[in-house]
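Observations on the model geometry
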Amino acid sequence: MYYNVTDYYDPVGAKQIPSKCPGCGTSNCLELLFYQKRIETSFSKKVTTKVSGVLFCDNTQSEIAPVLWNDEIEQYYVLEKSKLNLQPKKLSFNKWFYCLIILPLILIATTIGYNIYEEESYIDETKAIEQVHVGEKVMVLYTTTDSNNVTDNGTTWFLVKKIEADSIWVQRHEVFDTEGDVHFDLAASKFTRETLKASLTQFKTRGLFGHDYPSQKFSGYITTLQK
Ligand SMILES: [Zn+2]
């Protein structure tokens, strides 16, 4: 959108005057016409109190320039101008102006609202993970390593099988998603892969690390818990 300023001149009065015309010399052919200035932009409308007048000769159908006016015409002009019923001076804004003001506010409010929502759901999720129970399922960003080489990297789910002292036993889902496009079926019968024994303390802070896995090391980050 570009910014546009346009001046308008609204007619606010007309008056026949009996003076002799400085143009054609005829009497009773002169008319004073008055206009009030209004300024419109892309966003606002301003009614000013600025008034301009035009002297028109009906006989020759032409405008008589102010330099040709005699004192009598000048006096009529001042008198008639003072009697005009002008529009009150006013500044108003259109819908584009309000869009311009309100749109950024909506964007800011939405962003703040979304962040609060995200933060709250993260806190809720963290609480649920801290109070983990047998039978619950967790989604994990999961990496297995073998002698410091990453052998597998992706997303999978684990089913909590047992919790005892500082240990948690979880069994892996049959699907290991390395592309990020799998819709997981979370039925208990789908958790058929290896059972891992991990640290419960670390589990509660979203970490899934093996206690006693000398042969197969793994690490995971718990993103979601499902009851
Ligand atoms: Zn004339």
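Worth saying up front: this structure is predicted, and the values here are computed from it rather than measured.

1. Thoughts on the nonpolar core
Taken as a class, soluble globular proteins show a tendency for nonpolar side chains to be buried jointly. Core analysis: the largest hydrophobic core is formed by 19 residues, its most contacted members being Y142, F158, I168, V170, F203 and L208. Elements that contribute at least two residues to this core include exactly α2 (95-130), β6 (137-146), β7 (149-164), β8 (167-172), β9 (195-199), α3 (200-204) and β11 (217-226). The residues touching I168, leaving out its near neighbours within four places in the chain, are V132, V160, K162, I163, L196, K197, A198, S199, L200 and F203. Counting 15 residues, the second-largest nonpolar core is a separate cluster that includes L30, F34, L55 and L84.

2. A closer look at the side chain of T155
Here T155 is to be found in strand β7. Assessed through its relative accessible area of 14%, T155 is described here as buried. Each residue touching T155, except ones within four places of it in the same chain, is listed here: M139, V140, L141, V175, F176, D177 and F184.

3. Focus on the UniProt feature "transmembrane region" (unreviewed entry) in the chain
If you check UniProt for "transmembrane region" (unreviewed entry), the listed places come out as residues 96-117 in our numbering. When the span residues 96-117 is considered, its composition is 100% helix and 0% strand, and the gap between its end C-alpha atoms is 31 Å.

4. Some remarks on α2
Helix length check: α2 (36 residues) gives 51 Å between terminal C-alpha atoms against 52 Å at 1.5 Å per residue, within 8%. Along α2, the helix axis deviates most sharply at I102, where the bend reaches about 25°; the proline P104 sits within four residues downstream. Of the residues making up α2, those classed as buried are E125, T126, A128 and I129. Those residues of α2 hidden inside the fold are in contact with α3 and β11. Backbone nitrogen of W96 and a side-chain oxygen of the N-cap are separated by 3.1 Å at the start of α2; the cap is N94.

What counts and what doesn't
Residues numbered from 1 in each chain as written. Predicted model: local features only at pLDDT ≥ 70, side-chain atom pairs only at ≥ 80, totals over all residues. Heavy atoms only, no water. Core = buried A, V, L, I, M, F, W, Y, C linked by side-chain atoms within 4.5 Å. Buried < 20%, exposed > 50% of the residue type's maximum accessible area, 1.4 Å probe, protein only. Helix = DSSP H or I, 4+ residues; strand = E, 2+ residues; numbered from the N terminus. Contact = heavy atoms within 4.5 Å. UniProt positions renumbered as here; feature names shortened; annotations may be inferred. Expected span 1.5 Å × (residues − 1). Bend = angle between axes of the 7 residues up to and from the residue. Polar contact = N/O pair within 3.5 Å; in protein donor to acceptor, adjacent residues only side chain to side chain.

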